Amino acid sequence: MSNFIRHTYKLFVGNLPWTVGQKELQTYFSKFGHVSSAAIVYDKQQGFSKGYGFVTFSASDAYNSACNQNVHFLEGRVLSVKEANNN
DNA sequence: GTTGAGCGTT
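The name given to chain A in an unreviewed UniProt entry is SRA stem-loop-interacting RNA-binding protein, mitochondrial, with Musca domestica as the source organism.

(A) The protein's contact with DNA strand B, seen in detail. If you check the shell around DNA strand B, you find 21 residues, and the closest are K10, L16, W18, A39 and K82. Contact distances for DNA strand B include 2.8 Å between a base oxygen and a side-chain N or O atom of K10. N15 places a polar main-chain atom, nitrogen or oxygen, 3.3 Å from a base oxygen of DNA strand B. Only β1 (9-14), β2 (35-42), β3 (49-57) and β5 (77-83) provide two or more residues apiece to the surface near DNA strand B. Counting residues per element, the surface near DNA strand B draws most heavily on β3, which supplies 4 residues. For the surface near DNA strand B, the class distribution of residues is 11 nonpolar, 5 polar and 5 charged.

(B) View of helix α1 (residues 22-29). When we look at burial in α1, the residues that qualify are L25, Y28 and F29. For α1, the buried positions fall inside an angular range of 90° around the axis, keeping them on one side. Packed against the buried residues of α1 are β1, β2, β3, α2 (60-68), β4 (72-74) and β5.

(C) View of a nonpolar patch on the surface. On the surface, a nonpolar cluster with roughly 240 Å² of combined accessible area is contributed by V71, F73 and V78. Position of V71 among the secondary structure elements: in the loop between α2 and β4.

(D) Just the nonpolar core, in detail. If you look at the biggest cluster of nonpolar residues, it comprises 20 residues, and the most contacted ones within it are V13, L16, L25, F29, V55, F57 and L74. Of all elements in the fold, only β1, α1, β2, β3, α2 and β5 reach the threshold of two or more residues within this core. With residues near it in sequence (within four places) discarded, F29 still touches V13, V35, V55, F57, A66, H72 and V81.

The rules behind each value
Residues numbered from 1 in each chain as written. Chains lettered and ligands numbered in written order. Predicted model: local features only at pLDDT ≥ 70, side-chain atom pairs only at ≥ 80, totals over all residues. Heavy atoms only, no water. Near = heavy atom within 4 Å. Polar contact = N/O pair within 3.5 Å; in protein donor to acceptor, adjacent residues only side chain to side chain. Helix = DSSP H or I, 4+ residues; strand = E, 2+ residues; numbered from the N terminus. Nonpolar A, V, L, I, M, F, W, Y, C, P; charged D, E, K, R; others polar. Buried < 20%, exposed > 50% of the residue type's maximum accessible area, 1.4 Å probe, protein only. Arc of directions from axis to C-beta. Contact = heavy atoms within 4.5 Å. Patch = residues over 30% accessible without salt bridge, like charges linked within 9 Å, V, L, I, M, F, W, Y side chains within 5 Å. Areas by Shrake-Rupley, 256 points an atom, 1.4 Å probe, with all protein chains shown as cover. Salt bridge = Lys/Arg side-chain N within 4 Å of Asp/Glu carboxyl O. Core = buried A, V, L, I, M, F, W, Y, C linked by side-chain atoms within 4.5 Å.

Here is the structure:
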C-alpha cells in the first residue's frame, strides 16, 4: 500500500484478453470512478496487445475502489491489477 | 492467423 501523495493514481493492469483495447479498459475501470487515462501496451512487431496496460485515475476514491478489489473481471477474464512502478 | 509473463507508447 502506498501512503505517499501523488498527483495521479496509476495502476498496472495485466492478464488482459487479446481482444481488450484501451477503450474497453477505461470503460471497465470507469465503473470505479473517473479514469484520467487508460493505455494498453502494444507490440510494434506483432501489432497486437502485449496483454497488459496502465490505468490512471484522477481521484483517490476511484484508485482505492479499484485497488481494494483484488479480483477484476473483463471480457469474462480475470485481470491482475497492481500498483504501477512509476507514477 | 498465433501467444500469456509482465510495468508503456503500437
